[in-house]
Amino acid sequence: MAVHFNHTILSARDSKASAKFLTEILNLPAPKHWGPFEMVVTENGAYLDYMDTDEIAPQHYAFLVSEAEFDEIFGRVRQRKLAWWADPARKQPGEINHHDGGRGVYFEDLNGHLLEIITRPYGSGGWNP
């Protein structure tokens with residue numbers, strides 16, 4: 001059997017609002033409820049399961065998107081007046097990166113998780129800092 005990434009759990013103050021935010025910003029299908037989770041599924045079948053908790057340790061989640069999807073998602077980021085950065089350390093505010101000949105940007109979700117959209121997988125174009 002081949003190994004495939006199936007799901008991860010994201011801590012949230014409000015799992016319903018957090019899952020709704022992610023589906024709206026990435027233009028994904030509406031979340032599904034299962035047990036204690038609000039589940040968001042990506043095109044490749046991976047699940048991001050939001051679970052309510054008072055303790056949140058922000059994590060990083062990256063999404064590979066097409067050029068057209070990048071424009072649409074980045075447009076929604078700007079429309080919501082979210083802060084964005086070209087780097088995970090947040091030292092390049094208001095910028096996007098062009099690693100590997102693509103585009104990438106970081107922004108936060110409702111819980112401080114750092115979300116990233118990229119149009120090229122890292123290392124695919126020879127970029128190596």
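Residues numbered from 1 in each chain as written. Predicted model: local features only at pLDDT ≥ 70, side-chain atom pairs only at ≥ 80, totals over all residues. Heavy atoms only, no water.

In the annotation of an unreviewed UniProt entry, the chain is listed under the name Catechol 2,3-dioxygenase-like lactoylglutathione lyase family enzyme and assigned to Bradyrhizobium algeriense.

## Let's talk about the sheet that holds strand β2 (residues 32–34)
The four strands are arranged β1-β4-β3-β2 in an open sheet whose pairing can be described as mixed. Edge positions in the open sheet fall to β1 (7–12) and β2, since each of these has one partner strand only. On average, adjacent strands in this sheet sit at an angle of 30 degrees to one another, irrespective of strand direction. (Pairing = 2+ DSSP bridges. Helix = DSSP H or I, 4+ residues; strand = E, 2+ residues; numbered from the N terminus. Axes fitted to C-alpha atoms, helices over the stretch in contact; angles between N-to-C directions.)

## Here's the deal with the packing of helix α1 (residues 15–26) against helix α2 (residues 67–79)
At a minimum axis separation of 8 Å, α1 and α2 run at an interaxial angle of 125 degrees. The orientation of α1 relative to α2 falls into the category oblique. Of α2, the residues touching α1 (which contributes Glu-24, Ile-25 and Leu-26) are Ile-73, Arg-76 and Val-77. Each residue belonging to the contact of α1 with α2 can be placed in one class, and the counts come to four nonpolar, no polar and two charged. (Parallel < 35°, antiparallel > 145°, perpendicular 65-115°, else oblique. Contact = heavy atoms within 4.5 Å. Nonpolar A, V, L, I, M, F, W, Y, C, P; charged D, E, K, R; others polar.)

## What about a negative patch on the surface?
A cluster of like negative charges, contributed by Asp-14, Asp-52, Asp-54 and Glu-55, occupies part of the molecular surface. Tracing the chain through its elements places Asp-54 in the loop between β4 (47–52) and β5 (60–64). Taking relative accessible area as the criterion, Asp-54 reaches 81% and is therefore assigned exposed. (Patch = residues over 30% accessible without salt bridge, like charges linked within 9 Å, V, L, I, M, F, W, Y side chains within 5 Å. Areas by Shrake-Rupley, 256 points an atom, 1.4 Å probe, with all protein chains shown as cover. Salt bridge = Lys/Arg side-chain N within 4 Å of Asp/Glu carboxyl O. Lys, Arg positive; Asp, Glu negative; His and termini not counted. Charge placed at Lys NZ, Arg CZ, Asp CG, Glu CD. Buried < 20%, exposed > 50% of the residue type's maximum accessible area, 1.4 Å probe, protein only.)

## Observations concerning the layout of surface pockets
Volume-wise, the largest pocket comes out at about 630 Å³. Lining the largest pocket are 23 residues, with Thr-42, Glu-43, Phe-63, Leu-64 and Val-65 sitting closest to its centre. Residue assignment for the lining of the largest pocket shows that the elements contributing at least two residues are β5, α2 and β8 (114–118). Of the residues assigned to the lining of the largest pocket, the class counts are 14 nonpolar, four polar and five charged. (1 Å grid on protein atoms, 1.4 Å probe; cavity = no way out; pocket = protein on both sides within 12 Å on 5 of 7 lines; lining within 4 Å. Points joined across faces, edges and corners; volume = space filled by probe spheres on them.)

## Details of the pattern of salt bridges
Applying the stated rule across the entire model yields five salt bridges. Ionic pairing is found between Glu-24 and Arg-80, a salt bridge with its closest N-O pair at 2.6 Å. Of the two residues, Glu-24 is situated in helix α1 and Arg-80 in the loop between α2 and β6 (84–85); the sequence distance between them amounts to 56 residues. What makes Glu-24 partly exposed here is its relative accessible area of 33%.

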